[in-house]
Each structure stands twice: as C-alpha cells, then as structure tokens.
Amino acid sequence: MKNRPYPRWLSRLFILCVAALTFTGFMQMPLAKRYALTAVPGMAWTGDFFLVHRMHYVLGALFLFVIGLAAANWLRSWRRELTLTRLGSARAVAVGGLAVSGLLRVYRNLPDVTLDPLWIVTIEWVHLTLVMVLGVLALVALVRGASAYAVRKRYVS
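Since this is a predicted model, take the numbers as computed values, not measurements.

Chemist: Would you mind going over the side chain of Q28 in detail, with residue names and values included?
Modeler: In this structure, Q28 sits in the loop between α1 (8–27) and α2 (31–34). By relative accessible area, which is 16% here, Q28 ends up buried. Apart from residues lying up to four places away in sequence, Q28 is in contact with F49, V52, H53 and H56.

Below is the structure:
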C-alpha cells in the first residue's frame with residue numbers, strides 16, 4: 001500500500017465493475033434497440049435481455065465480492081490507519097444501498113416469490129436512484145479532485 005491508502009487493483013476492479021454493472025443495468029431496459037445500439041457492429045448482444053440480465057447477475061456477484069473484500073480489509077486493518085472522507089462516506093452508503101437493493105431485486109426475481117406491486121416498484125426505484133446518486137457523487141469527487149474514499153489518519157500530538 002506504500003503511498004496509496006488501498007491497493008490500486010482494488011480501486012480499478014471496483015470502477016470497472018460499477019461501469020459494467022451500470023451498462024448492463026441500463027441495457028436491461030429497452031434502450032439498446034430503441035437507440036439503435038444493436039445496429040452497431042459487435043453490439044447486437046445488448047438487445048438480448050436474458051444475456052444482459054445474466055451478465056448483470058455475474059457482475060453483481062463480483063461487485064459483492066469486491067465490496068466484501070474492501071469491508072473485510074477495513075474491519076481487519078484499514079480502519080486503524082485510514083479515515084473515510086465525507087464523499088467517501090456518502091459513496092459507501094450508496095454502495096451499501098445498491099448491494100441491498102440489488103439483493104432484494106434478485107430475491108424478487110426468484111420463481112416462487114410474489115411481492116406486493118408497491119414493494120416491487122419501490123425496490124426498482126430505490127435501486128435506480130442509488131445508481132444515479134453514486135454517479136453524481138463520483139462526478140463530484142472527480143471534479144473536486146477528491147476521488148479517494150479514504151485517506152490516511154492524521155494524528156495530533
């Protein structure tokens with residue numbers, strides 16, 4: 001970790017995972033065909049709902065692994081030397097909410113599960129809203145030049 005508060009590979013894997021999840025999440029809506037993305041050479045697969053849906057689930061599992069790894073490292077050692085930034089705390093809440101709402105969406109999609117339509121709509125809108133919130137927070141962090149979720153603690157003597 002030398003000069004970085006956490007490993008670069010973990011940050012890059014997280015960013016790649018979130019970007020891919022965002023793309024596959026939006027492609028589950030009928031956007032690919034509506035905006036002719038399926039007509040672009042090599043992008044016809046984006047119009048196959050079931051393929052994109054399965055990809056989203058696999059990426060969701062990877063996302064849970066990455067945030068679980070980060071949480072385990074935080075609890076094990078990072079919290080002694082790192083502190084969350086304000087934007088990092090807000091993004092961590094959004095990420096946690098995305099994980100919970102995503103798991104609720106998976107549960108809702110199980111064959112023998114029937115939920116009240118109000119719950120279904122609520123889960124869907126919470127999930128979509130949290131994606132947008134995470135995107136806005138990431139852009140704010142990028143514009144401010146404060147993309148780190150955590151920084152090294154400063155000890156006052």
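Alright, that's what it looks like, and here's the rest.
Chemist: Kindly report on the nonpolar core, identifying the contributing residues and their values.
Modeler: The nonpolar side chains of a soluble globular protein tend to be buried, and buried together. One finds Y6, F14, F63, I67, V95, L134 and Y149 to be the most contacted residues of the largest nonpolar core, which totals 20 residues. Of all the secondary structure elements, the ones that give two or more residues to this core are α1, α3 (49–81), α4 (86–108) and α5 (117–144). Excluding anything up to four places from it in sequence, V95 contacts F14, F63, I67, L134 and Y149.

Chemist: Tell me what's going on with the packing of α4 against α5, and back it up with residues and numbers.
Modeler: Two numbers describe how α4 lies on α5: the axes approach to 9 Å, and their chain directions differ by 155 degrees. Accordingly, the angle class assigned to the pair α4 and α5 is roughly antiparallel. Of the two possible hands of crossing, α4 and α5 adopt the one that is left-handed. Looking at the contact of α4 with α5 residue by residue, the class counts come to 17 nonpolar, four polar and five charged.

Conventions we followed
- Residues numbered from 1 in each chain as written.
- Predicted model: local features only at pLDDT ≥ 70, side-chain atom pairs only at ≥ 80, totals over all residues.
- Heavy atoms only, no water.
- Helix = DSSP H or I, 4+ residues; strand = E, 2+ residues; numbered from the N terminus.
- Buried < 20%, exposed > 50% of the residue type's maximum accessible area, 1.4 Å probe, protein only.
- Contact = heavy atoms within 4.5 Å.
- Core = buried A, V, L, I, M, F, W, Y, C linked by side-chain atoms within 4.5 Å.
- Axes fitted to C-alpha atoms, helices over the stretch in contact; angles between N-to-C directions.
- Parallel < 35°, antiparallel > 145°, perpendicular 65-115°, else oblique.
- Left-handed = near helix turned anticlockwise from the far one by under 90°.
- Nonpolar A, V, L, I, M, F, W, Y, C, P; charged D, E, K, R; others polar.

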